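Structure at a glance
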Protein chains: 4
Amino acid sequence: MLSYEMTHRVAYYETDVMGYVHHSNYVRYFEIARTEMMRAAGFTYAELEASGVMMPIIEVHSRYYQPAKYDDLLTFRATVKELQGVRLTIEYEVLNEIGTLLCSGSTTLAFIDAATRRPCRAPEDFVSRILGVVTPTITISKTTFMQ
Amino acid sequence: MLSYEMTHRVAYYETDVMGYVHHSNYVRYFEIARTEMMRAAGFTYAELEASGVMMPIIEVHSRYYQPAKYDDLLTFRATVKELQGVRLTIEYEVLNEIGTLLCSGSTTLAFIDAATRRPCRAPEDFVSRILGVVTPTITISKTTFMQ
Amino acid sequence: MLSYEMTHRVAYYETDVMGYVHHSNYVRYFEIARTEMMRAAGFTYAELEASGVMMPIIEVHSRYYQPAKYDDLLTFRATVKELQGVRLTIEYEVLNEIGTLLCSGSTTLAFIDAATRRPCRAPEDFVSRILGVVTPTITISKTTFMQ
Amino acid sequence: MLSYEMTHRVAYYETDVMGYVHHSNYVRYFEIARTEMMRAAGFTYAELEASGVMMPIIEVHSRYYQPAKYDDLLTFRATVKELQGVRLTIEYEVLNEIGTLLCSGSTTLAFIDAATRRPCRAPEDFVSRILGVVTPTITISKTTFMQ
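Reading guide: rules and limits
Residues numbered from 1 in each chain as written. Chains lettered and ligands numbered in written order. Predicted model: local features only at pLDDT ≥ 70, side-chain atom pairs only at ≥ 80, totals over all residues. Heavy atoms only, no water. Contact = heavy atoms within 4.5 Å. Buried area = accessible area lost by both parts, 1.4 Å probe. Polar contact = N/O pair within 3.5 Å; in protein donor to acceptor, adjacent residues only side chain to side chain. Helix = DSSP H or I, 4+ residues; strand = E, 2+ residues; numbered from the N terminus. Nonpolar A, V, L, I, M, F, W, Y, C, P; charged D, E, K, R; others polar. 1 Å grid on protein atoms, 1.4 Å probe; cavity = no way out; pocket = protein on both sides within 12 Å on 5 of 7 lines; lining within 4 Å. Points joined across faces, edges and corners; volume = space filled by probe spheres on them. Salt bridge = Lys/Arg side-chain N within 4 Å of Asp/Glu carboxyl O. Phe/Tyr/Trp six-rings, centres within 6.5 Å; stacked < 30°, edge-to-face > 60°. Buried < 20%, exposed > 50% of the residue type's maximum accessible area, 1.4 Å probe, protein only.

A few words now on the interface of chain C and chain A. Listed per partner, the contact involves 24 residues of chain C and 24 residues of chain A. Around 2300 Å² of area is buried between chain C and chain A when both sides are counted, 50% of it from carbon and sulfur atoms. Looking at the side of chain C facing chain A, the largest losses of area belong to C:M18, C:H23 and C:R28, adding up to 25% of the total buried there. Joining chain C to chain A, the criterion identifies 16 residue pairs in polar contact (both at pLDDT 80 or more). At eight residues, strand β3 (residues 57-64) of chain C tops the list of elements feeding residues into the side of chain C that touches chain A. Considering only residue class, the side of chain C that touches chain A consists of 11 nonpolar, six polar and seven charged.

Put into structure tokens, the structure is as follows:
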């Protein structure tokens with residue numbers, strides 16, 4: 001399955017008065033990670049939408065183990081878990097600079113037709129790339145966003 | 001001119017590690033205040049967009065005097081300042097529970113045609129209400145959002 | 001168990017290009033709902049933190065059924081599910097104006113000592129109120145935020 | 001004066017139903033740009049706070065010319081404008097991939113003592129670096145965040 005890793009520098013506006021990254025932002029981190037995984041696999045989410053297919057979220061799960069702090073350089077890991085019918089499940093891990101696992105989670109997305117907003121099949125080329133048939137079991141590493 | 005006042009309870013996710021409301025959120029507060037002012041005047045922004053007119057922001061200015069903290073009950077004041085051609089300027093004040101002025105600001109918005117995305121005239125009924133011709137120089141007070 | 005219901009008007013900045021409320025905002029809605037549930041029960045989260053106890057999130061789960069749109073008047077329902085040791089689980093539902101269930105979810109929070117950042121017992125008065133011993137099985141309804 | 005340039009990929013959660021980046025996010029972009037400018041100059045904002053000095057925002061101004069869309073690769077430019085007493089003014093430009101200026105703006109920040117929350121002098125080393133005395137009139141270019 002497709003796997004991807006990238007880094008992200010915690011912004012000030014992502015923190016809260018507790019002194020840590022607000023937990024809602026990890027859900028946004030998951031989105032950034034899967035978006036970049038798709039780009040790395042050669043089929044951006046923007047292209048998918050342009051082709052008339054959207055992927056709304058139908059389920060999110062996240063567990064928090066340790067907090068992230070302002071200016072921490074986080075690592076996001078995304079891995080495609082399964083494609084079942086019109087549903088795609090992706091798993092995530094967020095680690096800090098010394099490799100401590102801060103958060104793990106998963107999201108399930110559905111393929112829908114942008115015009116009708118009804119479930120639809122994913123484009124075949126997209127599926128091949130996401131399932132790693134075109135680029136089998138690759139791990140792409142990229143250091144990004146203010147390293 | 002139309003004027004409006006409402007309250008807002010500071011959410012945890014609006015704060016940052018400094019212990020205060022992050023300054024970017026005041027720009028969002030301005031948006032909430034003008035949206036509710038329009039609703040109170042009898043012409044919601046949602047109706048405006050449904051009629052084919054959008055109001056993108058073309059200028060924001062804000063000054064910060066004192067910080068707001070988590071769970072503070074803020075007062076937002078919005079006042080229509082002027083309508084010049086396709087541009088509408090609105091002014092804002094944000095105060096805390098003891099009446100201290102925390103932030104003041106202004107936004108200028110343009111009327112554009114949603115289809116062409118070109119500047120356009122504002123609907124007459126909307127203008128009458130915003131300029132207070134239909135409901136002249138009213139001040140509507142409303143206590144809202146978790147008082 | 002304690003239960004609570006409130007309303008929230010969807011802000012423009014909570015939407016995304018898909019035309020709906022971005023899924024990450026529901027996690028923030030859960031936070032608003034439990035904060036207001038605590039306030040209604042007579043023990044605010046701000047008071048809890050002032051007493052030296054914090055409640056970081058350790059788990060979030062949410063399922064999305066139907067999208068919310070700009071300016072929708074949403075209903076948030078929060079219900080205390082269980083208090084097990086230092087962990088408190090709360091369940092949520094988000095509905096639109098015609099009563100359609102848009103999202104359901106749960107959060108688990110831990111009680112920690114603000115100074116040591118180690119798990120700690122919840123204050124007894126807080127527990128009594130949250131578990132509905134002081135105010136047994138109440139349902140408090142409150143219409144808020146720009147109704 | 002110190003100047004800095006970086007890139008940023010627009011995230012889905014930064015867009016709104018109008019189809020563009022929500023205007024409040026540019027204020028957050030300004031923050032990212034000045035933070036990275038400081039890092040490039042050799043004195044991070046995190047180090048400044050650790051040394052007991054905070055820099056709250058006291059003024060923001062921004063003008064919007066053209067919208068940014070989902071997945072656009074934006075360029076952020078930050079330039080130190082002036083340091084007057086305890087106030088530091090920084091100017092910004094945000095451009096899209098074909099060089100169109102989308103937004104320009106400025107922020108004024110104050111140096112305050114983190115303990116007393118009163119205005120204070122900026123650390124000398126910080127000032128030298130920010131004013132470009134240590135590293136005179138440099139322009140650092142860095143491509144970041146999911147290029």
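After that view of the structure, there is still more to cover.
What follows concerns empty space enclosed by the protein. Space left empty within the atom packing is revealed by a probe, the size of a water molecule, rolled over the atoms. Under the defined criterion, the tally for this structure stands at eight cavities of 30 Å³ or more. Of the pockets and cavities examined, the largest cavity occupies roughly 90 Å³. Lining the largest cavity are A:Y13, A:E14, A:N25, A:R28, A:Y29, B:R28, D:Y13, D:E14, D:N25, D:R28 and D:Y29. Every element with two or more residues in the lining of the largest cavity is listed here: α1 (24-40) of chain A together with α1 (24-40) of chain D.

So, about the interface of chain C and chain D. The interface of chain C with chain D comprises nine residues on the first partner and nine residues on the second. Of the roughly 860 Å² buried between chain C and chain D on both sides combined, carbon and sulfur atoms contribute 68%. Taken together, the links from chain C to chain D amount to zero salt bridges. At the boundary of chain C with chain D, the tally comes to six residue pairs in polar contact (both at pLDDT 80 or more). For the side of chain C that touches chain D, the per-class residue count stands at five nonpolar, three polar and one charged.

Counted by the stated rule, this structure contains 36 aromatic pairs over all chains. Judged by centre distance (5.4 Å) and plane angle (65°), the ring pair of B:Y26 and B:Y29 falls under edge-to-face. Of this pair, B:Y26 and B:Y29 both sit in helix α1 (residues 24-41), three residues apart, roughly one helical turn. Look at B:Y26 and you get buried, because its relative accessible area is 2%. Judged by its relative accessible area of 1%, B:Y29 falls in the buried class. Joined through ring pairs, the aromatic side chains of A:Y26, A:Y29, A:Y64 and A:F76 make up one cluster.

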